[in-house]
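Here are the chains, one letter per residue:
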Amino acid sequence: MNPLISLAANAPKAELHLHVEGSFEPELMFEIAQRNGVKLPFATAEEIRAAYDFANLQEFLDIYYQGMSVLLHERDFYDLTMAYLRRAHEDNVIHAEIFFDPQGHTERGVDFADVVGGISRALDEARDQWGMSSRLILCFLRHLSEEDAFAALEQAVPHLDAIAGVGLDSSEVGHPPSKFARVFAKARDMGLHVVAHAGEEGPPDYVWEALDVLKVQRIDHGNRALEDAELVARLARDKTCLTVCPLSNLKLCVIDDMKHHPIKTMLEAGLAPCVNSDDPSYFGGYVNDNFAALIEALPLSRDDVAQLLRNSFAGSFLAPDEKAAALARLEDYLDGAP
Ligand code: HPA
Ligand code: ZN
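Fair warning: this is a prediction, and the values are worked out from it, not measured in the lab. (Residues numbered from 1 in each chain as written. Chains lettered and ligands numbered in written order. Predicted model: local features only at pLDDT ≥ 70, side-chain atom pairs only at ≥ 80, totals over all residues. Heavy atoms only, no water.)

A. Seen up close, empty space enclosed by the protein. Under the counting rule described, the total for this entry stands at two cavities of 30 Å³ or more. Space inside the largest cavity adds up to approximately 100 Å³. The wall of the largest cavity is formed by 14 residues, among which His19, Leu57, Phe60, Leu61 and His197 lie closest to the centre. Per-element accounting of the lining of the largest cavity gives the leading share, four residues, to helix H4 (residues 57-68). Of the residues in the lining of the largest cavity, the class split is six nonpolar, four polar and four charged. For the second largest cavity, the calculated volume is near 50 Å³. Considering the residues around the second largest cavity, the lining is formed by Met29, Leu40, Phe42, Ile48, Tyr52, Ile63, Gln66, Gly67 and Tyr282. (1 Å grid on protein atoms, 1.4 Å probe; cavity = no way out; pocket = protein on both sides within 12 Å on 5 of 7 lines; lining within 4 Å. Points joined across faces, edges and corners; volume = space filled by probe spheres on them. Helix = DSSP H or I, 4+ residues; strand = E, 2+ residues; numbered from the N terminus. Nonpolar A, V, L, I, M, F, W, Y, C, P; charged D, E, K, R; others polar.)

B. Representation of unusual backbone geometry. One non-glycine residue, Asn92, lies in the positive phi region at around 65 degrees. Assignment of secondary structure puts Asn92 in the loop between helix H5 (74-90) and strand E2 (93-100). Unusually for a residue other than glycine, Asp278 sits at a positive phi of about 65 degrees. Its place among the elements puts Asp278 in the loop between strand E8 (272-275) and helix H14 (280-283).

C. Structural detail: the coordination of the zinc ion (ligand 2). The zinc ion (ligand 2) binds to the protein through His17 (NE2), His19 (NE2), His197 (NE2) and Asp278 (OD); the donor distances cover 2.0 to 2.3 Å. With four donor atoms in place around the zinc ion (ligand 2) and angles of 82 to 174 degrees between them, the coordination shape is irregular. For the zinc ion (ligand 2), all donor residues lie on one chain, and their spacing in sequence is H-x1-H-x177-H-x80-D. Separated by 259 residues along the polypeptide, His19 in strand E1 (residues 13-19) and Asp278 in the loop between E8 and H14 bring together distant segments of the chain. Asp278 sits in the buried class, given a relative accessible area of 2%. (Donors = N, O, S within 2.8 Å, 3.2 Å for Na, K, Ca; no water. Tetrahedral: all angles 85-135°; square planar, octahedral: opposite > 155°, others 65-115°. Buried < 20%, exposed > 50% of the residue type's maximum accessible area, 1.4 Å probe, protein only.)

The structure is reproduced here in structure tokens:
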């Protein structure tokens, strides 16, 4: 095996861009559908996987919302989250920042408290079992209205001990960050962290808006920022973390070949990308698979891989002392690794 692939695989790392509903493996989907008496429009897990052939973000989202519709009870959200955490732990993820889409559940009549309750019970268990730390980030669905986003934020109020921040996901083009300026202002006033998907399919202007209007602390994806030199200079100056998702980019045709993935260019431009799996069940791999795909396709150096790993902790919402401890643990690992 390429030694850089093992270096990355065995390294302690953080994952900062993971939609828990996107980690829903078809086998678990069937199990939960059966116990909830929900009928899926597929006969087997293989049939589900065969449907995962997407030309763009929207084609993926249509099937992603269909998949999550079998989740009804607290236990379902616990099982879903625990399955991801177990898999992430195998990939040496020691800190995970996890997105969830409450509007995709509450609009089906699921209780907000059951969604957050199930997810956070699993996060607590991962902390107790493996010392894995985590943060939970509520994503607003940007194809829905500002009013709907405000309602989701309101529902979060009794659960702020479990929710560290807000994000923005779903169909990007036609739904610029500025649509949610007031919701994000309120979330910031509430002391929540703020991030947003931008520049995955949307133009560099959406990245500018995420930074200047929503005042985000990280950009999720950010690929198209590279089209705007002034924006690149801004992101480099501020060392804004970009939560990049290579296999997602390939599956959603944001890139046509992993050999054309922009992460090396991002590093050379002084940006701060890290590596993430986005929706691993749908895109064919967890975080270590994403590192492996990049290392196989691009001329990444050992320093590049080390920097990507460092960026995952540097860009996290860990407290300063926790962040310093995680970075020190990574440096120890890198010093001792072959
Ligand atoms: N982009 C936008 N919305 C999403 C994604 C994504 O990559 N994954 C889940 N919802
Ligand atoms: Zn995403």
